[in-house]
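Inside the fold
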Amino acid sequence: MKLNKRSLSRLEGVHPLLQRLIKEAAKGSPVEFQITEGRRSIEKQRQLVAKGASKTMRSRHLTGHAVDVVAYVDGEVRWDWRL
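Attention in this report is confined to the structure presented alongside it. Only a predicted model underlies this, so the values are computations on that prediction, with no experimental measurement involved.

1. Concerning the pairing of strand E2 (residues 68–73)
Sheet topology note: the strand E1 (residues 32–37)/E2 ladder contains five bridges and is antiparallel. Looking at E2, one finds that Ile 35 is bridged to Val 69. Sheet topology places E2 next to strand E3 (residues 76–78); three bridges connect them, and they run antiparallel. Directly across from Ala 71, in E3, lies its bridge partner Arg 78. Between E2 and the antiparallel strand that follows it, E3, lie two residues; Asp 74 among them carries a positive phi value of about 55°.

2. Considerations on the side chain of Gln 34
Turning to its location among the elements, Gln 34 is positioned in strand E1. Polar contacts involving the side chain of Gln 34 include one to the side chain of Glu 32, which spans 3.1 Å. When near neighbours in sequence (up to four residues on either side) are disregarded, Gln 34 contacts Asn 4, Ser 7, Asp 68, Val 69, Val 70 and Tyr 72.

The rules behind these values
Residues numbered from 1 in each chain as written. Predicted model: local features only at pLDDT ≥ 70, side-chain atom pairs only at ≥ 80, totals over all residues. Heavy atoms only, no water. Pairing = 2+ DSSP bridges. Helix = DSSP H or I, 4+ residues; strand = E, 2+ residues; numbered from the N terminus. Polar contact = N/O pair within 3.5 Å; in protein donor to acceptor, adjacent residues only side chain to side chain. Contact = heavy atoms within 4.5 Å.

Here you go:
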């Protein structure tokens, strides 16, 4: 499968090797997945820490070395799917 345009746009600013890894994984994945977030600004990270959604200001998202991913199974986000 290929990543959709939204996921590709969320890879902007992410380290090129990680971008390549994600794109290759999408091609070989038996389920559709999407990127929900890539590189974050310091301000966004501060907001996430303030809300308790993140615990650190040293997130790898700040350097473009992390992405958040969700899997879609039968058209919905799933955390419990099995191959």
